[in-house]
Amino acid sequence: MATAVSTRARYLADFATREREGALERPSWLGPLRRAAISTFAEAGFPTTREEDWRYTNLAPLAQMPFTPVQTHEPPELSGTTVARLGIEGADWPRLVFVDGRYARRASTPTRQTLADGVRISSLADAMQADAGHGDGARLERHLARHAKPDGNVFAALNTAFVEDGALVEVRADTAASQPIELVFVARTPGVLAQPRILVIAERGSRVTIVERYVALVDDAYFTNVVTEVAIGPGASVDHYVVQEQSVRAFHVATLHAAIERDGSFSTCGVTLGGRLARTTLTAEFRGEGGAAALRGLYVIEGTQHVDHHVTVDHAVPRCTSRQLYKGVLDGSARAVFNGRIVVRPDAQKTDANQTNKHLLLSDGVEVDTKPQLEIFADDVKCTHGAAEGQLAPEPLFYLRSRGLAEPAARALLTYGFAREVVERIAPVPLQAYVDRQLRALTERLLQRSDRTAVEAAPSTKENR
Amino acid sequence: MLEIRSLSAGVAGKAILRNIDLDVRAGEVHAVMGPNGSGKSTLAQVLAGHPAYTVTGGEVRYRGEDLLAMSPERRARAGVFLAFQYPVEIPGVSNATFLKAAVNEVRAERGLEELDAMEFLEVLEQKLKLVEMDRSFLSRPVNEGFSGGEKKRNEILQMAVLEPTLAILDETDSGLDIDALRVVAHGVNRLRRPDKAMILITHYQRILQYLEPDHVHVLFDGRIVRSGSKDLALELERRGYDWIREDLAVAARPA
Ligand SMILES: Nc1ncnc2c1ncn2[C@@H]1O[C@H](COP(=O)(O)OP(=O)(O)OP(=O)(O)O)[C@@H](O)[C@H]1O
Ligand SMILES: [Mg+2]
């Protein structure tokens, strides 16, 4: 695959240029990490379907497109109306906006005024610069690129090699952030490679909610390769949400790593509606006893969209609890891959792990590859998993039709109902309402395609699908 | 209002209804009784348009129209309502969302404007009172986790909201406690009007005391074998179905 090689060569050349410019050592401790990361990428290149972790997700289209970082050094601006449109109704919480991966200061909420003492939000570029200046960034150094390790994850490596901007959220010990913190990533320029990096540090006994959103101002191809690291201190609690509404031509690769210390708790809920190819590699790593992780996802996809979740829960220590709930709705020729790996290491007695993965298939052309992967090396554990896939059941469909709903509307409502199980667990009210609205509109659009008049003329003996 | 002529129907290749004839006029209440498995629910489902049931003969006219040619949703919008013997659970869809979608479909058909959220809640408030249901049921998913009796009450709530012209109640009284039965029966009675009609499927005399049917029919092995006044229901309550079975056997014997 000559183009793939040249795309790789191009990233390597970019790296060499940055090296000449002396950009790698900002801040200095990042230099060796970047070099290690780029050599991981150089050796491995883009994964092929011969690799087990990528068996069902073909990256050839991505590897063939020479995406490049946005070329200008002008700070990104957005018009006032665009900024207003980005907001979620009723969400008056702090918001950092990024355009093509770079922090858009003027579009963002001035963070200092809106936050409680002990909560610090800044762009990662600012944080790294401050660090380079006067070494205030010991925490940054301790956490950045220390959780989502590049080895074995080429995309995390690529992100680390070029890490430049993104968001840093720090919550001091025993502090509760009073409001969710929203990070909005806006795609504006076709062909761009954006590699935002998010680092959340929740110290002992603190609480915070983070919302990542991905929105598109263009419907072209571009590539977002994001890495989110969440460091959860003892007894701390982080709730994390992702709402991904990228263009249907976009590539979206996300690496999410949560390191959970003793009695810490982590929840994440990823709602995937956009993207041509969306891959999430999620790891929840228990580092101390008594931790809890709730991992949830919902994807509603159509056309030739491809969504891949690779989830790993690493029960490395005893007495931790993990829950997974992933639900997918597929229409058209959409394809979903779900790989749920639960590792229970020899020491991890009293582990309680559960995984549920359900798919609703709205058309015959869809494909689902789902695989639970339980690796259990301890004996006193509770580990359950379940997967189901099917079409809409005929009895609820008839029940709704018998109340006057046309078949497409009935199917839309049932599809919406299927997805609600994930949506209703979204805690911030404006966010839940927003996702609910998007979901209602999407399910209605998917199902209005059926010919209403043809359905209405159908005799009562018509077979149910 | 409803004319059923020589209706035969079955499911999964099995014949169930055989040559049913039934006339229901506006203002009337008809009771349909009969032993388990005699085809009462099948009749109800065929009238509501369940796609699993195949009509093998006969016709049904509803207000002059060919009912069997209409889709289930068209029937509902034209005023046909079936209270299910086994109401269906709809996970993830709240009762309120469901009712609002349904009522607006039916209103659109009648040339009425959609209700907005406030108007809808007002209507709903009244109807909840009618069936003495707590409003907490509105935010719960349709029928999910409802007790048997609550499901039945929820059917009548839907009926009250949709204000059907022809209501078919399939054993709505089964599974209701004594007080609930009275509440539901009163609710149903309040929905009775000279321009509306009802078919009550039941096993018990008790609900008929409240609702006083004009006609009682006995379904037996897919056929209507007896029709009479409400006294027929009393007789069935007293004597069971054996005497009908015997009568039929006698009639079948060659003279
Ligand atoms: N989907 C189906 N598949 C196979 N057989 C069916 C189906 N639906 C109904 N039947 C059969 O048709 C017959 C009539 O059933 P129906 O439900 O109409 O009886 P019913 O008079 O309502 O009984 P009950 O008083 O117990 O409610 C029964 O023998 C039943 O088993
Ligand atoms: Mg029945």
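Residues numbered from 1 in each chain as written. Chains lettered and ligands numbered in written order. Predicted model: local features only at pLDDT ≥ 70, side-chain atom pairs only at ≥ 80, totals over all residues. Heavy atoms only, no water.

**Side note on the layout of surface pockets**
Residues and elements named next belong to chain A.
Here is step 1 of the chain: Its volume calculated, the largest pocket comes out at about 1200 Å³.
Here is step 2 of the chain: Lining the largest pocket are 37 residues, with Arg18, His73, Arg102, Glu164 and Asp165 sitting closest to its centre.
Here is step 3 of the chain: Residue assignment for the lining of the largest pocket shows that the elements contributing at least two residues are helix 1 (2-21), strand 2 (102-103), helix 6 (124-134) and strand 6 (193-194).
Here is step 4 of the chain: Residues belonging to the lining of the largest pocket are distributed by class as follows: 14 nonpolar, 9 polar and 14 charged. (1 Å grid on protein atoms, 1.4 Å probe; cavity = no way out; pocket = protein on both sides within 12 Å on 5 of 7 lines; lining within 4 Å. Points joined across faces, edges and corners; volume = space filled by probe spheres on them. Helix = DSSP H or I, 4+ residues; strand = E, 2+ residues; numbered from the N terminus. Nonpolar A, V, L, I, M, F, W, Y, C, P; charged D, E, K, R; others polar.)

**A short note on the packing of helix 9 (residues 230-239) of chain B against helix 10 (residues 242-252) of chain B**
Residue and element names in this part refer to chain B.
Here is step 1 of the chain: Direction vectors running N to C along helix 9 and helix 10 enclose 100°, while the axes themselves pass 8 Å from each other. In terms of axis orientation, helix 9 runs roughly perpendicular to helix 10. Where helix 9 approaches helix 10, its residues Leu232, Glu235, Leu236 and Arg239 are matched on the opposing element by Asp242, Trp243 and Ile244.
Here is step 2 of the chain: Among the residues making up the contact of helix 9 with helix 10, the classes are represented as 4 nonpolar, no polar and 3 charged. (Axes fitted to C-alpha atoms, helices over the stretch in contact; angles between N-to-C directions. Parallel < 35°, antiparallel > 145°, perpendicular 65-115°, else oblique. Contact = heavy atoms within 4.5 Å.)

**Overview of the pairing of strand 15 (residues 306-315) of chain A**
All names here are of chain A.
Here is step 1 of the chain: Strand 15 sits mainly inside the fold: 10 of its 10 residues count as buried.
Here is step 2 of the chain: Residues His306, Asp308, His310, Thr312 and Asp314 point to one face of strand 15 and Val307, His309, Val311, Val313 and His315 to the other, with burial holding for every one of them.
Here is step 3 of the chain: As paired elements, strand 13 (residues 277-286) and strand 15 share 9 bridges and run parallel to each other. Within the sheet, the bridge partner assigned to Thr283 lies in strand 15 and is Thr312.
Here is step 4 of the chain: When strand 15 meets strand 17 (residues 335-344), the two strands line up parallel, connected through 10 bridges. Within the sheet, the bridge partner assigned to Val313 lies in strand 17 and is Ile342. (Buried < 20%, exposed > 50% of the residue type's maximum accessible area, 1.4 Å probe, protein only. Pairing = 2+ DSSP bridges.)

**Some remarks on the interface of chain B and chain A**
Here is step 1 of the chain: Each partner contributes to the interface: chain B provides 40 residues, whereas chain A provides 29 residues.
Here is step 2 of the chain: For the pair chain B and chain A, the summed buried surface comes to about 2700 Å²; carbon and sulfur atoms form 59% of the total.
Here is step 3 of the chain: Linking chain B with chain A are 2 salt bridges, by the criterion used here.
Here is step 4 of the chain: A salt bridge links Glu73 of chain B to Arg401 of chain A, with the shortest nitrogen-to-oxygen separation between them at 2.7 Å. (Buried area = accessible area lost by both parts, 1.4 Å probe. Salt bridge = Lys/Arg side-chain N within 4 Å of Asp/Glu carboxyl O.)

**What to know about the site of ligand 1**
All names here are of chain B.
Here is step 1 of the chain: By nearness alone, 15 residues border ligand 1, and Gly37, Lys40, Ser41, Thr42 and His203 come closest of all.
Here is step 2 of the chain: With respect to ligand 1, the backbone of Gly39 contributes an N or O atom lying 3.0 Å from an oxygen atom.
Here is step 3 of the chain: Within the side chain of His203, one N or O atom sits 2.9 Å away from an oxygen atom of ligand 1.
Here is step 4 of the chain: Looking at the shell around ligand 1, the elements with two or more residues in it are strand 2 (14-24) and helix 1 (40-48).
Here is step 5 of the chain: When residues of the shell around ligand 1 are assigned to their parent elements, the largest contribution, 3 residues, is made by helix 1. (Near = heavy atom within 4 Å. Polar contact = N/O pair within 3.5 Å; in protein donor to acceptor, adjacent residues only side chain to side chain.)

**Some thoughts on empty space enclosed by the protein**
Residues and elements named next belong to chain A.
Here is step 1 of the chain: Enumeration over the complete set of coordinates arrives at 10 cavities of 30 Å³ or more.
Here is step 2 of the chain: Of the voids in this model, the largest cavity is the one considered here, and its volume is about 210 Å³.
Here is step 3 of the chain: Breaking the lining of the largest cavity down by element, the ones donating at least two residues are strand 8 (207-216), strand 9 (223-232), strand 10 (237-245), strand 11 (251-260), strand 12 (265-272), strand 13 and strand 14 (292-301).
Here is step 4 of the chain: Considering each element in turn, the lining of the largest cavity owes the most residues, 5 residues, to strand 12.
Here is step 5 of the chain: Its boundaries defined by the atoms lining it, the second largest cavity holds a volume of some 80 Å³.
Here is step 6 of the chain: Taken together, 13 residues make up the lining of the second largest cavity; nearest its centre are Asp100, Val186, Ala187, Ala194 and Thr224.

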